[in-house]
Amino acid sequence: MSEKSVDKATLKMIKKAGDDNVKLAWDRLVAQQPQCGFGQLGVCCRNCNMGPCRIDPFGDGPDTGVCGADADTIVARNLLRAIAAGAAAHSDHGRGIAATLYASARGEARDYPIKDEAKLKAVATEFGIVVEGRSVQEIALELAGAVLEEFGTKKGSLQFINRAPVQRRELWDKLGITPRGIDREVVESMHRTHMGVDNDYTSLILQGLRTALSDGWGGSCIATELSDILFGTPQPVKGVCNLGVLMEDQVNIILHGHEPTLSDIIVFAARDEELLAEARQRGASGINVCGMCCTGNEVLMRHGVPLAGNFLQQELAIVTGAVEAVIVDVQCIMPSLPQIAGCYHTKVISTSPKAKFPGALHVPFDEHNAMEVAKKILRLAVENYSNRRREKVSIPSDRMEYMAGFSVEALLAALGGTLSPLIDALKSGSVKGIAGVVGCNNPKYRQDYSHLTFIRELIKNDILVVATGCAAIACAKDGMLLPGAADEAGEGLKAVCKGLNVPPVLHMGSCVDISRILTVAAAIANALGVDIADLPLVGAAPEWMSEKAVSIGAYVIGSGIFTILGTVPPVLGSKNVAALLTSGADEVIGAKFAVEEDPVAAAELAVKHIAGKRVSLGLKA
Ligand code: SF4
Ligand code: MSK
C-alpha cells in the first residue's frame, strides 16, 4: 500500500501521531504480521474445549477437527456466528430505541418528546394499530409494545418484511428463511453453531440469511423508523466534515458510536447558556459538537452537525490535541482510544452499560434523565478545556461541505411526492441503476480509496449511488455529497441530479439506515410488480471490516441484491461455502456475492450486472 489514505487530513495526523510517538491502527496492523492464515481462511474453530482445531488448507494435515467437523462446517459455522453478532448489534440498537419510545410514551423520558407524529401514525398503521381519535401517547405506547414484541414474537414473522414484494416473501417462505423473531434467529444461530448441532454448510448458511433478514427487515428497520419518530425524520441538510471541523478556540467534543439516544440530546445540551458561559470563562469561544462514524451520521442527518470523520479517523481526532472529550456509546469504538487520549488531555467518556473501556471515564447514560446526564458529560468536557496543551495542538485545515439527510421521505419529497420520476428515469436509462454503497474503513486497505474510486466509476456510468455509514462519510469528505459532484456523472444522471439539485451520491444515514435502502428497493419493485432481484440494483461494501457488515451483506443478498465485497471474507478455506456464496446462491435466492479488491474491476462488475438486469426487464442496457 503506497499510502495509508487518500484523505489529506488523515495523512497529516498519521504523521503527527508518529511525531508524538502514538501508535495507531496501522501500526498495530503491522505488529500483527503475518496474520494467521487459518483465521484468514476461516478454518479454525474453538467452539468447544476439545479444540481449538484447525483444518490444513494444503491437505497435508488434519481435514477435520476433533469432533469430525470438516472445513465446510467450520467455515459456515464461523460465518453464521459473525452474522449473528452483526445482527445482534444492529438489533440491540433497535431495541434500545424501542425502549426509549416506550419510556417516552409512558411519560418517563421527558427529554424525548415525539418529533414526527406523522411518521408515528404511518408506522403504527403498518402495525395494524388504530390511530384515529387517539392521542400521540396512546399510539406510541401501543407501537412501542408491538415493536418490542418483534424481538421474541409468537406470530411467526416480522412486521416490516411485509414491505418486501410478495414474490420475495414467498421465496423466503419456500426456503424456510422468513425471519420469525429477531432474538430468536440470533439465539438459534448460536445454538446451531454449538458443537455437534448443525453441521451442514447449506443449512447453516440458510440460517445465516434468515438471521441477517431479521436484522435488515427487523432490528435495523426498527432502529431507523423509531429514531425518525423520536428524533425527527431527516430532511436535506448541509454541513461540513473532516478533521478541519475541530476549532482551535472552542471546546471540541466528538460523539462516536452508533445510537442517537444520547448524541441527539448532547446537540441540544451544548446550547445551554450556563455551559456556554462556563466555556467562555475558561477562554473558549463556544462548544463545538462534532460527530464520528454512525452516531455522527445520526446527528448529521437530523441536525447538520459537523462530522469529524469515519472509522479510521477516531484515533486521529484525539491526535489533533484539540479534543476535550470523546463521548462514546456502542460499536466501532476502538479500545485504543483511552490509551491515545492519555498522550493528550482528551477525556474518553463511555456512557453505555454495554460498552466499558478500561482507562475511560464511565458516566452511565439514563434516558429517564437524559438532559441532566448530557449536561454533566458536557461540563466535564468544558472543564477539560483548561487542560488543553497548546503545544500539542495541530488541527488540519481540511474540511468539506456536504448535503445529506436523504431519508425515504426526503427522497420522495425531492422527487415531488412519488417515486415515479425515479422509476421513469430508470426506464428511460438516464439513470441506469442504483447502487447501495456502505460499510467501514479497514487499515488493510488505503482509507477511502476503494469507496471513492468505485463510486466515481458508478456515477460515470449513470448509476445513482445511495450511501450510508463510513462509505457515505468518505464521500462527504471528498465533495461527492455536493450537487456539483454531478459534473462527474454520466450525462443522464447529471441531468437528473441537476434537475432535482441533488448530489449523485445520496447520504441515507447510519449503518442501521441501510433499512431505508431496502425500503426504497422494495417500493420500486412493488411499483413495477417485480421482485427486488429483478431490479437493476447492486450493493457494495468496498472497505468493510465489522461483523455488522457481514450481516448487512447477507441480508442484502437475501433481499435479492447482488453484492460486491471489497475486502476478502474469511470463507476461502471451504470451496463449497465460497462457491455457494459467490455462485450457487444466485439459483437459490436470486443474488450472490462477488469479492473484488480492485474498485475499478468491482465497478465493472456492477455496471455489467445492472446492464444484465435492465435487459431482463426489457429495458435498454
Ligand atoms: Fe474442534 Fe469440533 Fe470443538 Fe470446533 S467443535 S473446537 S472443530 S472439536
Ligand atoms: S460505523 S460498522 S465502521 S460503517 Fe457504522 Fe463505520 Fe462500519 Fe462502524
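Scroll up for the structure.
None of these values were measured; they are calculated from a predicted model.

**Student:** Please explain unusual backbone geometry as it appears in this structure.
**Tutor:** Generally, phi is negative for residues other than glycine and the peptide bonds are trans, each holding for most cases. Note that the residue after Q33, namely P34, is joined by a cis bond; omega there is -10°. As for its position among the elements, P34 is in the loop between α2 (25–31) and α3 (37–41). For the bond from G51 to P52, the omega torsion is 5°, close enough to zero to count as cis. One non-glycine residue, C332, lies in positive phi territory at about 65°. Its place among the elements puts C332 in the loop between β7 (325–328) and α14 (337–341). Its identity is not glycine, yet D448 carries a phi of approximately 70°, on the positive side. With respect to the helices and strands, the residue D448 is situated in the loop between β11 (433–437) and α18 (449–460).

**Student:** Can you help me understand the sheet that holds strand β12 (residues 463–468) in this one?
**Tutor:** Neighbouring strands of a sheet are bound in pairs by backbone hydrogen bonds; such pairs are parallel or else antiparallel. In space, the six strands of this open sheet follow the order β13-β12-β11-β14-β15-β16, with parallel pairing throughout. Of all the strands in the sheet, just β13 (505–509) and β16 (593–595) have a single pairing partner and so form its edges. Taken over all neighbouring pairs, the strand axes of this sheet differ in orientation by 25° on average, direction set aside. Bridge count between strand β14 (residues 537–541) and strand β15 (residues 563–565): three bridges; the pairing is parallel. Looking across to β15, one finds that A540 is bridged to I564.

**Student:** What am I meant to see in the site of ligand 2 here?
**Tutor:** Contacts to ligand 2 come from H258, C293, C294, F311, C332, G439, C440, C470, C511, M545, S546 and K548. Each residue belonging to the shell around ligand 2 can be placed in one class, and the counts come to eight nonpolar, three polar and one charged. Structurally, the shell around ligand 2 is a two-domain feature, drawing no fewer than three residues from each of domain 2 (243–392) and domain 3 (412–616).

**Student:** Could you clarify how one ought to interpret the layout of surface pockets in this entry?
**Tutor:** Empty space among the atoms becomes visible once a probe the size of a water molecule is rolled across them. Each pocket or cavity is described by its volume, and for the largest pocket that value is around 1200 Å³. Broken down by secondary-structure element, the contributors of at least two residues to the lining of the largest pocket are α2, α3, α4 (71–105) and α22 (547–558). Broken down by element, the lining of the largest pocket gets its largest block of residues, five residues, from α4.

How each quantity is defined
Residues numbered from 1 in each chain as written. Chains lettered and ligands numbered in written order. Predicted model: local features only at pLDDT ≥ 70, side-chain atom pairs only at ≥ 80, totals over all residues. Heavy atoms only, no water. Helix = DSSP H or I, 4+ residues; strand = E, 2+ residues; numbered from the N terminus. Pairing = 2+ DSSP bridges. Axes fitted to C-alpha atoms, helices over the stretch in contact; angles between N-to-C directions. Near = heavy atom within 4 Å. Nonpolar A, V, L, I, M, F, W, Y, C, P; charged D, E, K, R; others polar. Domains from an automatic or database assignment. 1 Å grid on protein atoms, 1.4 Å probe; cavity = no way out; pocket = protein on both sides within 12 Å on 5 of 7 lines; lining within 4 Å. Points joined across faces, edges and corners; volume = space filled by probe spheres on them.

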